[in-house]
Amino acid sequence: MRIADDVQTNAAPGRDTATAARGVARHVAIIMDGNGRWATARGLPRVAGHRAGVQAVRRAIETAVQLGVEWLTLYAFSSENWRRPASEVLDLTGLLRHFLKSEIAELKAQGARLRFIGDRARFDPDIQLDLGHAERDTAGNTKLNLVIALSYGARAEIVAAAQAAVREIAEGRFAADALDETRFEGFLSTAGIPDPDLIIRTSGEQRLSNFLLWQCAYAELVFLDLLWPDFGAEAFAAALAEFARRERRFGARPG
Ligand code: IPE
Ligand code: IPE
Ligand code: MG
């Protein structure tokens, strides 16, 4: 696989130089959209699209490892997706349950360290247990940090962070004036995770749908016209190449 060699560096300032030398976005976050349309276009039920979407998840993880991406975040289920018809929610949670049973050993072998963000309390207790097991089982891995957003909504995350901060201030643990951006980030579910350099969304939609609103303040956005089940190594590499062509300024004047 030589794709990584073609990709120029474009990481955020002060970022790990080893990653910069390899020329890859350090943190890529993906809004995996278009499963339903993929299925409908084939005259299949939506669940077939979600199943094909799981295959694309496997490919994305493999490719991230091959390309040397350090952090990969996948938006798998939003807090708003609970509003879908009960049968679709059941299909999606069923696929999640199956994924957690069947994929963790492979992810462990690939060197992926899993972390889930989002409101896991909304899932059935057996799923919640498996989420915890997956995190613990892979905690020693270092090759790829894989973050999966489940029942995740950025606004809810920011409100929860604000509540936690206010609670600590009320307890006298720190002064209100000491609440700066760095301290606030420590209350988010992504505490300790670098901000995404690149957000990829498939399916042609050009919106964030409540994904990482705080964290993607300076992320580059790449919208791909293909549907998520059609996403593979080539599309991933094309998005990274597009990222490499962007001029990131972070508000400063270009040199
Ligand atoms: C993405 O595909 C999967 C989830 C949001 C869970 P969609 O199910 O949103 O597919 P489209 O957008 O209807 O095609
Ligand atoms: C965003 O896709 C959420 C995920 C990919 C998990 P949606 O299909 O739910 O987003 P909207 O409704 O088109 O904005
Ligand atoms: Mg969608």
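Above: the structure in question.
As the structure is a prediction and not an experimental result, all values here were calculated from the model. (Residues numbered from 1 in each chain as written. Chains lettered and ligands numbered in written order. Predicted model: local features only at pLDDT ≥ 70, side-chain atom pairs only at ≥ 80, totals over all residues. Heavy atoms only, no water.)

All right, on to the pattern of salt bridges then. Pairing is possible between side chains that carry opposite charge, provided their charged atoms lie close to one another. Per the counting criterion, the structure on display carries 20 salt bridges. For Arg-201, the salt bridge identified is with Asp-33, shortest N-O distance 2.8 Å. Here Arg-201 is found in strand β5 (residues 198-201), whereas its partner Asp-33 is found in the loop between β1 (27-31) and α2 (35-41), with 168 residues between them in sequence. Residues Arg-201 and Asp-33 agree in their burial class; the two are buried. Among the salt bridges present, the one from Arg-207 reaches Glu-205, with a minimum N-O distance of 3.4 Å. Connected via shared salt-bridge partners are Asp-197, Glu-220, Glu-242, Arg-245, Arg-246 and Arg-248. (Salt bridge = Lys/Arg side-chain N within 4 Å of Asp/Glu carboxyl O. Helix = DSSP H or I, 4+ residues; strand = E, 2+ residues; numbered from the N terminus. Buried < 20%, exposed > 50% of the residue type's maximum accessible area, 1.4 Å probe, protein only.)

Further remarks concern the site of ligand 2. Every residue near ligand 2 is listed here: Ile-31, Met-32, Asp-33, Tyr-75, Ala-76, Phe-77, Ser-78, Asn-81, Arg-84, Arg-201, Arg-207 and Ser-209. A distance of 3.2 Å separates an oxygen atom of ligand 2 from a polar atom in the side chain of Asp-33. For ligand 2, an oxygen atom lies 2.6 Å from a polar atom in the side chain of Ser-209. Considered on its own, ligand 2 offers 390 Å² of accessible surface; in the complex 78% of this is hidden by protein. (Near = heavy atom within 4 Å. Polar contact = N/O pair within 3.5 Å; in protein donor to acceptor, adjacent residues only side chain to side chain. Areas by Shrake-Rupley, 256 points an atom, 1.4 Å probe, with all protein chains shown as cover.)

On to the site of ligand 1, then. Neighbouring ligand 1 are 13 residues; Asp-33, Gly-36, Arg-37, Arg-46 and Arg-84 lie closest to it. Within the contact set of ligand 1, an oxygen atom lies 2.9 Å away from a side-chain nitrogen or oxygen of Arg-46. In this structure, an oxygen atom belonging to ligand 1 sits 2.7 Å away from a side-chain N or O atom of Arg-84. For ligand 1, whose unbound accessible area comes to 380 Å², protein coverage reaches 87%. Here ligand 1 occupies the largest pocket. Mapped by element, the contributors of at least two residues to the shell around ligand 1 are α2, α3 (46-67) and α4 (86-102). (1 Å grid on protein atoms, 1.4 Å probe; cavity = no way out; pocket = protein on both sides within 12 Å on 5 of 7 lines; lining within 4 Å. Sits in = over half its atoms within 2 Å of the grid points.)

Bringing the environment of Ile-117 into the picture now. Mapping Ile-117 onto the fold places it in strand β3 (residues 112-117). If near-sequence neighbours (up to four positions away) are discounted, Ile-117 is found in contact with Val-147, Ile-148, Ala-149, Leu-150, Tyr-152, Ser-189, Thr-190 and Leu-212. (Contact = heavy atoms within 4.5 Å.)

Turning our attention to empty space enclosed by the protein. This model, assessed by the stated rule, comprises one cavity of 30 Å³ or more. Of the voids in this model, the largest cavity is the one considered here, and its volume is about 40 Å³. Around the largest cavity, the lining residues are His-27, Thr-73, Ile-117, Val-147, Thr-190, Ile-193, Pro-194, Asp-195, Pro-196, Leu-212 and Gln-215. Considered class by class, the residues forming the lining of the largest cavity number six nonpolar, four polar and one charged. (Points joined across faces, edges and corners; volume = space filled by probe spheres on them. Nonpolar A, V, L, I, M, F, W, Y, C, P; charged D, E, K, R; others polar.)

Nothing here speaks to function; it is geometry throughout.
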